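Coordinate analysis (summary)
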Amino acid sequence: MVAVKDTVDQVAGLEKYEHGFVTEIEQEFAPRGLSRETVAFISQKKDEPAWMLEWRLEAFERWSAMGSPDWARVSFPPIDYQDATYYAAPKAKDGPASLDEVDPEILKTYEKLGIPLREQEVLAGVTGAPRYAVDAVFDSVSVVTTFKKELAEAGVIFCSMSEAVREHPDLVRKYLGTVVPVSDNFFACLNSAVFSDGSFVYVPPGVRCPMELSTYFRINAAGSGQFERTLIIADRGSYVSYLEGCTAPMRDENQLHAAVVELVALEDAEIKYSTVQNWYPGDPETGKGGIYNFVTKRADCRGDRSRVSWTQVETGSAITWKYPSCVLRGRDSVGEFYSIAITNGRQQADTGTKMIHLGEGTRSRVISKGISAGRSSNTYRGLVSAHPKAKGARNFTQCDSLLIGKTCAAHTVPYIEARNGACTFEHEATTTRLSEDQLFYARQRGLPEEEAVQLLVNGFVRDVLQELPMEFAVEAQKLVAISLEGSVG
Amino acid sequence: MNLEEAIRLRDPARLPSRRDEDWRWTDLRGLLRAIPEPSRPLEPGDIGPGPFDGLPGDGVSIANGSGPEEIRVAGGEVRTVILRHVSRGDGAHASRLRIEVGPAARLTLLESHEGGGSGLSLLGIDMRLGTGAACERLVLSDLDAEAVAVVELEAELEPGARLGQTVLTSGARRQRFETRVRHPGQGAEVRLDGAYVLRERRHADLTSSVRHEGPDGRTDQLARGMVDDQARAVFQGRITVLEGADGADARMAHNALILSDRAEVDARPELEIFADDVACAHGATVGALDEEVLFYMRQRGLPEREARTLLVTSFLGGVIDRVEAPAAADRLRSWLLAQIGAAS
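To keep things clear, this report deals only with the structure shown in the data block. Model, not experiment: these values are computed from the prediction.

Here's the deal with the state of the cysteines
In protein chemistry, a disulfide is the covalent bond that joins the sulfur atoms of two cysteines. Residue and element names in this part refer to chain A. In the structure shown here, the tally under the stated rule is zero disulfides over all chains. Of all cysteine sulfurs in the structure, the one in Cys209 sits closest to Cys159, which takes part in no disulfide; the separation is 13 Å. Look at Cys159 and you get buried, because its relative accessible area is 1%. By relative accessible area, Cys209 is classed as buried at 8%.

Side note on the pattern of salt bridges
What the rule picks out here adds up to 64 salt bridges over all chains. Ionic pairing is found between A:Arg307 and A:Glu336, a salt bridge with its closest N-O pair at 3.6 Å. One end of the pair, A:Arg307, is in strand β14 (residues 307-314); the other, A:Glu336, is in strand β17 (residues 334-343), and 29 residues separate them in sequence. One network of salt bridges, with partners in common, ties together A:Glu417, A:Arg419, B:Glu21, B:Asp22, B:Arg24, B:Arg232, B:Arg238, B:Glu264, B:Asp266, B:Arg268 and B:Glu270.

Brief notes about the pairing of strand β23 (residues 409-418) of chain A
A large share of β23(A) lies buried, amounting to 10 of its 10 residues. The alternating pattern of β23(A) places A:Ala409, A:His411, A:Val413, A:Tyr415 and A:Glu417 on one face and A:Ala410, A:Thr412, A:Pro414, A:Ile416 and A:Ala418 on the opposite face, and all of these are buried. Here 10 bridges tie strand β21 (residues 377-386) of chain A to β23(A), and the two strands are oriented parallel to one another. What sits directly across from A:Ser377, in β23(A), is A:Ala409. Taken together, the six bridges between β23(A) and strand β16 (residues 264-273) of chain B define a ladder with antiparallel strand orientation. Directly across from A:Ala418, in β16(B), lies its bridge partner B:Val265.

Comments concerning the environment of A:Glu48
Residues and elements named next belong to chain A. Mapped onto the secondary structure, Glu48 falls in the loop between α2 (36-45) and α3 (50-64). Remark: the alpha-carbon pair of Glu48 and Glu163, spanning 115 residues in sequence, is separated by 9.3 Å. Apart from the residues within four sequence positions on either side, Glu48 is in contact with Ser43, Leu53, Arg56 and Val165.

Rules used in this analysis
- Residues numbered from 1 in each chain as written.
- Chains lettered and ligands numbered in written order.
- Predicted model: local features only at pLDDT ≥ 70, side-chain atom pairs only at ≥ 80, totals over all residues.
- Heavy atoms only, no water.
- Disulfide = S-S within 2.5 Å.
- Buried < 20%, exposed > 50% of the residue type's maximum accessible area, 1.4 Å probe, protein only.
- Salt bridge = Lys/Arg side-chain N within 4 Å of Asp/Glu carboxyl O.
- Helix = DSSP H or I, 4+ residues; strand = E, 2+ residues; numbered from the N terminus.
- Pairing = 2+ DSSP bridges.
- Contact = heavy atoms within 4.5 Å.

Listed below in structure tokens is the structure:
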């Protein structure tokens, strides 16, 4: 019991959000509030074609008629959608042509966050070290995308969404909104109306993307939200690995982040999508401030033998409402979901996945590890369903919850719907605290208490960490440690 | 949404529907456009023989909604009650029964649901188990294909009480067994088991919710079943462990066999945990019979039909093995065998 008590004390004593600073730069904003004019303003700022504006306005009309969903196990006061700005961008002339034109304050911000925006910085390491291209999104705009040239040589398009709308309208029109329809849900619909930058990736047939792609999202401006939209298309037989990271300043107000991510995998294509989410979680004592992370992520395994894998490490946000899903349409397509969700302080997370088996021989695997500490609440909510045509569908789900302390909560709400006689679904879930026996064993071998706890927690989340791209696994492991500082780090 | 009121006021708008999260797979409002006329009283001669006939125990009947409103077992007493809930015709009726089991008393409740016709019925049972009391509730439901029936049990346990329940059902047009237990911990134990064998277009829903309110409580749940043809099975189990209910040990398992491409199994095993010193787990599986095992058995000379029956029987038999009352367990086993034989 002593060990657990210490763990609880240590967890209670933490508060170390190291990305909570604000960058002082000149920014321009959309007028406060949300109306057709706001939508038109954003579209005009982004220099969009008429069809895009129409698409946005239609979404806005639909959103106006919708109500905020209330089924998730999270509670927050009603959001005043008129009391926010929907566009915030660093002041610039025509958008920087090169890094030298980017506001040095922004560059400093990314430096502080440890995100390499200069290609040579990435290259400066040991020869043969893994490289990755970055799209840096600052509030509503993408400030820089690295390695574009090298990627273009391989035929890969990696750019901001705004640029894609202008430069590759055919691709955008063909795929945008086909995975997450405009009125899919309240927050996705809001996003469709006001979305700002996100990343656009197209990998042509047969191409294995030569490096990891990543987007780093940063909310900086006060009184605004971030509504990015990401679209990744992996054409026949291609492969791409993509990672997103996110942080925000510490503020007493709540800020909304309502993103939409759409993935399309055609025949034999594979997409690996990893997220390290570290938005400001709010004050652990009072619960004041923090990001509302209401995100819709969905992958469409459209082609036969396609494969999508979601890996997420969720440590931040005051409230997380997020269910990265796979629609397994293609024959023998595969969906995977690996998740670590850590809540501490007064955080609330309601997260999980949906695996929708439509095609024959489709397979999915769900591994979810939830850790709750402090006064937080952590819910796994998932759906696994098999359509009558999904003969031979297989799913394996494992969700484990770990509780640290007497005042936190962990919930597991899986939905299983089997609609044919040739599917095999297995689901198992456990909820426990750190095992006294294991702690005792580790300590008896001479490990200090803190290291013992760290060892056990790392063991608990290992299945998921090993799914992350190598260079980010280290970062994620560090993040896990910081999120539960005291008890694990 | 309240079924009892819907029947009493004949207001279909009060029926639970798929919009109510806990009823999403057992939609009554979408099924019934109107609430049938109240059921006519039954003559004693209309009731016929019951499945537990011949076993020792006090007989109690609720026929088309009329019958006793209370069963009391005094402190220290040991009693078996054979409760028959019989419905005939196409009317609607609702009834409520209170069961009090005094301190250290033991009740074996052999409960059957019979008939059903094409009507709508609701039986609500409120049960209180005193300190150290025990109740084993064995339910056998064999209803007509067109019946719509809901059976609810609301149980409140005192410390040290034990509640064991086994529900066997062949379903109905739409049927639900809902069990809600307030679990005080402190040595109290709850076992909530069930088995279903569903064919044709039958539907059965086993829903339960156990709230651990005090420390050191045990809950153990095992539900198994098979669905064939166009049948649909629903399993919803929720175990809640409130703050302070430390030392809770709760286990839940639901295993289903789907034998047809048009059958459906929907499951939602839920854990809601607000205490840290707990050991809670659930498992849920859905699948077909193992072809390799079938092959092995056939290779040993068993005809396919027999091999299938044997596999299903051993699979579902696990639920009967946990029944404590031996004579009743034999009845349940042979009923289950007959159902499986007819189904496979």
